[in-house]
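Fold and contact review
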Amino acid sequence: GGLSRKFSKVVSYYSLTTPPYKLDALEPYMSRRTVELHWGKHHQDYVDGLNKQLATSPLYGYTLEELIKEAYNNGNPLPEYNNAAQVWNHHFFWESMQPEGGGLPEGGVLQQIEKDFGSFTNFREEFIRSALQLLGSGWVWLVLKRNERKLSVVHTRNAISPLAFGDIPIINLDLWEHAYYLDYKDDRRTYVTNFMDHLISWHTVTLRMMRAESFVNLGEPNIPVA
Amino acid sequence: PEDVVWIKQQPLPYPLDALEPYISKETVEQHWGVHQQMHVDRLNGMIGGSEWEGMSLGQMMLASFNEGREQPHPPFFHAAQVWNHDFYWRSMKPGGGGKPPERLLKFINRDFGSYELMIQQFVDAALTQFGSGWVWLSYKGNKLPYVKSRSPIPSDNFGKLVISKTPNAINPVVWGHSPLLAVDVWEHAYYLDYEDRRAEYVSEVLEKLVSWEAVESRLTKAVIRAVEKDTHLTRRVQRTKQRLAQANGQGRANRPRAREGRRTGRQGEEEVAKSSPVEA
C-alpha cells in the first residue's frame, strides 16, 4: 500500500490502445482472427516488452514519439527501439483503417495527392509497387516530407519508422507476414490492393494532414503585400 | 533468354504431408510449392543474359553477396532463399528429433555443455530474431582467407559448433561457416500451424523433426573440408615462404605473392560453392 510508505513514486507505463472498430469490422478484407492475433498478441507483446524494458531503462519518461527518435540513435538503435517503434506503428496502423474505407479521398487531400503524384492512380500504383518491393518484414508508408514539402511513398524494414528521419507519417500498412498470412498467404499484392480499395481511412488521413499542415506549409508562402 | 530455367526447383525429399502433425501439408504446399517456387522463378527471371548466367546456385549466392560491404547484388536475396529452403527441408525428416547420435553429441557437449543447453541457446536465438530470418547450427571451421565479410561470432572459436541467427535471406555460408541445421523463422514458416507461437514451432521442429543423421553427416564433411583446407593453407604458406626466400635479392618478391593470393581466392569460393544445400 502506498499509504504505509512515507514516499511513493508514481510510475506509469504504456498500455495497449484499442482499434476504433470491432475486431470483425474489417471482414472480409481482414479477418477477425487476424485482428485478434495481430492486435491481441503481437501489438500487446510489443507493449509488454517495452514496459518491461522501461522499468530499468534511462529512457523511462519520454513520450512515445520522443522515445522512438531518441532510441533510434541516428541509425544505431538502442534495445528499446524495436518495441517502442512497433507500439507506435501498430497504433497508427489500426487508425489508418476503417470499415467501408478505401475509394477516393476528397478535397484538399485529393488535390495534394494529385499535385505530388500526378494523379490518384499513380499514387495507388506507387504504394502497391513499393509494398511489393520490400524484401522481408516491414512497413509501407505515405509520408509528408518536411523539407521537400510534399507527399511521398516509402517502405521501411522491420520496425523502422519515418519519424526518425523527421518525416510526418500519414498512412502506414503492415507488411510483416503476420499481418496477412492467415488471410492471403503469399499473395501480398491482393492484401495491399484490398487495403487501398476497401480499408484505408481517408477520414483519418484528412485529420492527419490538417495536423501536419501546422508543421509544414504546403501552399505558396503568404507574403503580405505592402 | 528469359524463358530458360537456369536454377531448378529441387524436389522435396519426402511427401508433402510427411511432417504432419508438426508441420501441416497445407504449410508445406504453400511454403515449398508456392513460396520457394516464387524465389526460383524470380531468380531465373533476373539472371538470363547477365553475369550470373550459368553459375551454380552456391556460386551465385556467394558472388552476389558482395562480401557484405554494400548492398548485395540483386540475385542474392532469391538465390540465398532458394539455398536456405533446400537446406531447411533437408534438415528435417519424418520421425526425426530425439537425441543426436553419439559422435555429434560429443561435439555438442564439448561446445555447449549439454544437449539441453544447445537447444536452449537455439530457441533463444529463434525468439530474439526480430523480423524475418533464420536460425542456424553451424561448424565454424578454420580461418578463411577468401571470405572477407565479417562474421558476428568472435574469431576465437574456430573448430567449434556455433548457433547464429540471420536476417531475411542471409546465411552463415557467407561468413565461411559450414551450416549443419537451419530453421526458418520467417512467419510464413509457422503462421498457418502455430499462429504467433514461434517458440512452440521451433521446439517441435527440434524435438520431432530434425534429422540429426543429416546434421552429423554434414558435420563430418565440414570437418574433412576444414582439415583439407588447413593442410592446403599450411602448404601454401610454406611455398610462399620458399618463393620469397628465393626471390629475396632479386627484388621481385611481391609479384608471386599477389598472384598466389588471387588463385587461392578462387579455389576457396569454388569449395564453398560446391557444398550445395542438396548434397551437403
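Owing to the predicted nature of the structure, the values given are computational and were not obtained by experimental measurement. Sequence order as written defines the numbering, with residues in each chain counted from 1. Just so you know, chain letters begin at A and ligand numbers begin at 1, following the order they were written in. The model is predicted, so local features are restricted to residues of pLDDT at least 70 and side-chain atom pairs to those at 80 or more, both for listing and for counting; the totals for chains, interfaces and linings are taken over all residues. Side-chain numbers here rest on the full set of heavy atoms in the structure, without hydrogens or water.

Here's the deal with the overall build of chain A
The way it works is that DSSP assigns letters per residue, a run of H or I at least four long becomes a helix, a run of E at least two long becomes a strand, and they are numbered from the N terminus. A count of helices and strands for chain A gives eight helices and three strands. Secondary structure elements in chain A, listed N-terminal to C-terminal, are α-α-α-α-α-β-β-β-α-α-α. Radius of gyration here uses only the C-alpha atoms, and the compact-globule reference equals 2.2 Å multiplied by the residue count raised to the power 0.38. Taken over the C-alpha trace, chain A has a radius of gyration of 19 Å; the compact-globule value for 226 residues is 17 Å, and the two agree within 12%. Once the C-alpha set of chain A is aligned to its principal axes, its extents read approximately 65 × 60 × 35 Å.

A few points about the pattern of salt bridges
Think of a salt bridge as a Lys or Arg side-chain nitrogen and an Asp or Glu carboxyl oxygen that are within 4 Å of each other. All chains considered together, the criterion is met by 13 salt bridges over all chains. Lys145(A) is paired through a salt bridge with Asp167(A); the nearest N and O atoms lie 3.3 Å apart. On the criterion of sequence distance, the pair formed by Lys145(A) in strand S1 (residues 138–145) and Asp167(A) in the loop between strand S2 (150–157) and strand S3 (168–174) is long-range, its members being 22 residues apart. Across this residue pair, the class does not change: Lys145(A) and Asp167(A) are buried. Put simply, Glu26(B) and Lys185(A) hold a salt bridge, and the shortest N to O gap is 2.7 Å. Pair noted here: Glu26(B) is in helix H1 (residues 25–47) and Lys185(A) is in the loop between helix H6 (181–184) and helix H7 (188–199), and the two residues belong to different chains. Buried means the residue's accessible area, taken with a 1.4 Å probe over protein chains only, is under 20% of the maximum for its type, while exposed means over 50%, and partly exposed covers the values in between. The class for Glu26(B) is partly exposed, based on a relative accessible area of 39%.

Thoughts on the nonpolar core
Core analysis: the biggest nonpolar cluster contains 140 residues, and Phe123(A), Phe127(A), Ile170(A), Tyr191(A), Phe195(A) and Tyr201(B) have the highest contact counts within it. Element by element, the count of residues in this core is highest for helix H3 (residues 75–89) of chain B, at nine residues. What we call a nonpolar core is a set of buried Ala, Val, Leu, Ile, Met, Phe, Trp, Tyr and Cys residues that are connected through their side-chain atoms within 4.5 Å.

Observations concerning the interface of chain A and chain B
In what follows, residue pairs with any heavy atoms lying within 4.5 Å of each other are defined as contacts. With 21 residues of chain A at the interface, the matching set in chain B holds 17 residues. By buried area we mean the combined loss of accessible area, with a 1.4 Å probe, across both parts when two parts are placed together. Both faces considered, chain A and chain B share a buried interface measuring about 1900 Å² in area, 56% of it formed by carbon and sulfur atoms. There are two salt bridges connecting chain A and chain B. Between Glu195(B) and Arg33(A) there is a salt bridge whose closest N-O contact spans 2.6 Å. Between N or O atoms, a polar contact is any pair within 3.5 Å; within protein, one atom must be a potential hydrogen donor and the other a potential acceptor, and residues adjacent in sequence are included only when both atoms are from side chains. Linking chain A with chain B are 11 residue pairs in polar contact (both at pLDDT 80 or more), by the criterion used here. Counting residues per element, the ones that place at least two in the side of chain A that touches chain B are helix H1 (32–54), helix H3 (81–95) and H6 of chain A. The element contributing the most residues to the side of chain A that touches chain B is H1(A), with six residues. Residue composition of the side of chain A that touches chain B, grouped by class: seven nonpolar, seven polar and seven charged. For this classification, Asp, Glu, Lys and Arg are treated as charged, while Ala, Val, Leu, Ile, Met, Phe, Trp, Tyr, Cys and Pro are nonpolar and the rest, including Gly, are polar.

Some thoughts on the packing of helix H2 (residues 57–65) of chain B against H3(B)
Residue and element names in this part refer to chain B. Contact geometry for H2 and H3: axes closest at 9 Å, N-to-C directions at 140 degrees. Taken together, the axes of H2 and H3 are oblique relative to one another. For the pair H2 and H3, the sense of crossing is left-handed. For the pair H2 and H3, contact is made by Leu57, Gly58, Met60, Met61, Ser64 and Phe65 and by Pro75, Phe76, Ala79, Ala80, Val82 and Trp83, respectively. Looking at side-chain class alone, the contact of H2 with H3 contains 10 nonpolar, two polar and no charged residues. Every axis corresponds to a line fitted to the C-alpha atoms, with the helix fit spanning only the stretch in contact, and the corresponding angles, defined between N-to-C directions, vary from 0 to 180 degrees. Throughout this description, any angle smaller than 35 degrees is read as roughly parallel, any larger than 145 degrees as roughly antiparallel, any in the 65 to 115 degree range as roughly perpendicular, and the remainder as oblique. In this scheme the handedness of a crossing depends on how the near helix is turned from the far one: anticlockwise by less than a right angle means left-handed, clockwise means right-handed.

A look at the side chain of Ser211(B)
Residue and element names in this part refer to chain B. With respect to the secondary-structure elements, Ser211 resides in the loop between helix H7 (198–209) and helix H8 (212–247). For Ser211, a relative accessible area of 7% corresponds to the buried category. Other than its neighbours up to four places away in sequence, Ser211 contacts Ser91, Met92 and Lys93.

Observations regarding the confidence of the model for chain B
Residues and elements named next belong to chain B. For every residue, the predictor reports its confidence as pLDDT, a number between 0 and 100. For chain B, the average pLDDT comes to 87, and 83% of its residues sit at 70 or higher. In this model, residues 255–269 is a region of pLDDT below 50 whose contacts with residues beyond four sequence positions or in other chains number 14 contacts. As a predicted assembly, this complex carries a pTM of 0.89 together with an ipTM value of 0.91.

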